[in-house]
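Spelled out, the chains give:
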Amino acid sequence: MKISPTNIRRILFLLIILGVALPLLIKLGLPIETSENVKMVYELVNSQPEDSYVLISFDYDPASKPELHPMAYSIARNALERKYKVVCTALWPMGASLCAETFKRLQEEMPDIREGVDFVNLGFKAGGIVTIQKMGTNMRDVYPTDMSGTPIDELPIMKGIRNLKDFAFVCSISAGDPGIKQWVMVAHDKNKVITTGGATAVSAPSILPYVNDQKQLYGLLGGLKAAAEYEKLSGHLGIATSGMDAQSIAHLIIIMFIAIGNYQYHFIRKRKKGE
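Residues numbered from 1 in each chain as written. Predicted model: local features only at pLDDT ≥ 70, side-chain atom pairs only at ≥ 80, totals over all residues. Heavy atoms only, no water.

So, helix α2 (residues 36–45)
Considered for burial, the residues of α2 that qualify are N37, V38, M40, V41, L44 and V45. Taken down its axis, α2 places every buried residue within 155 degrees of arc, on the same side. Looking at the buried residues of α2, the elements they touch are α3 (65–81), β4 (169–174), β5 (194–199), α8 (204–212), β6 (221–222) and α9 (223–234). (Buried < 20%, exposed > 50% of the residue type's maximum accessible area, 1.4 Å probe, protein only. Helix = DSSP H or I, 4+ residues; strand = E, 2+ residues; numbered from the N terminus. Arc of directions from axis to C-beta. Contact = heavy atoms within 4.5 Å.)

Digging into the pairing of β4
Side chains on a regular strand alternate between the two faces of the sheet. Within β4, six of the six residues are buried, which leaves it mostly tucked inside the rest of the structure. In β4, alternate side chains face the same way, and those of F169, C171 and I173 on one face and V170, S172 and S174 on the other are all buried. Bridging between strand β1 (residues 53–59) and β4 involves six bridges; their strand directions are parallel. The partner of D59 across the bridge, within β4, is S174. Pairing geometry for β4 and β5, over six bridges, is parallel. Looking at the pairing, S172 lines up with G197 of β5. (Pairing = 2+ DSSP bridges.)

As for the pairing of strand β3 (residues 119–124)
Counted residue by residue, β3 has five buried out of six residues, so it is predominantly covered. Judged from the four bridges that link them, strand β2 (residues 85–90) and β3 form a sheet pairing that is parallel. Within the sheet, the bridge partner assigned to C88 lies in β3 and is N121. Handedness of the crossover joining β2 and β3 through helix α4 (residues 95–109) is recorded here as right-handed. (Right-handed = clockwise from strand over helix to strand, strands pointing away.)

Some remarks on the sheet that holds β6
The six strands are arranged β3-β2-β1-β4-β5-β6 in an open sheet whose pairing can be described as parallel. Every interior strand has two partners, whereas the edge strands, β3 and β6, have only one. Where β5 meets β6, two bridges bridge the pair, whose relative direction is parallel. What sits directly across from A199, in β6, is G222. Here α4 sits on the sheet in contact with β1, β2 and β3, set at roughly 160 degrees to β3. (Axes fitted to C-alpha atoms, helices over the stretch in contact; angles between N-to-C directions.)

Observations concerning the pattern of salt bridges
According to the stated counting rule, one finds eight salt bridges in the structure shown. Residue D153 is joined to R140 by a salt bridge in which the shortest nitrogen-to-oxygen separation is 2.7 Å. Here the residue D153 occupies a position in the loop between α6 (139–142) and β4, and R140 occupies one in helix α6, the gap between them amounting to 13 residues. When its relative accessible area of 24% is taken as the criterion, R140 is described as partly exposed. With its nearest N and O atoms 2.5 Å apart, the salt bridge here joins K225 to E229. Placement of both K225 and E229 in helix α9 is noted, with a separation of four residues, approximately one turn of the helix. Residue class for K225 comes out partly exposed when judged on its relative accessible area of 38%. (Salt bridge = Lys/Arg side-chain N within 4 Å of Asp/Glu carboxyl O.)

Structural data, given as structure tokens:
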């Protein structure tokens, strides 16, 4: 039976829709190789003593949420599971809201964690690198209250924190500037605090030299694939894994149709030559 080109296109579109939709509804967990940079981040997060203070900065906005939000969630969850005290900041205006969204979900999944005791959202502060420099001197000068307006000195989690040097490590989930580069320059270079982070796939190549050449950044999560790798290591498969499964299946369908098209082309050409 001969299928018209229009119907072939319809079949291809239908298969692509199914191939993308099903993995988002059902976690397949297809095999994925873990890169060294992702392993470094995972090992850093899991190698600190209990009750260590860690800082996660939400330096992105909703435009980069599909790539970066899974990273922020996975690292925050991992840190809370290790019984760390998680302090969150944001150098981007919408970062504070994305942080609040992340911890709302975490509280639903981990009812024992308490805001102000196990974690705190200090909110957004403008200023970029200047803000980070002030945090290196005195956190209270930058954040006198948390995002909800509670004075810092009333929060149990903040009693052991004076400046950046009190953190075991700093993690910036960054979509650009200000972001990872500014944290590296101030937290790592000036204050000697271990710095790590995650970035979008398009910006990761410009940040990798800080990891590979300068050794200023301890590992890097680059794009959705790296987020899926971290989910695999942490044992909590989430939206990043589903996204990579959907992408893999879509690519497989496209490759399959390319192969069928090439086979058909050569078969018809060969048959015409034989006539």
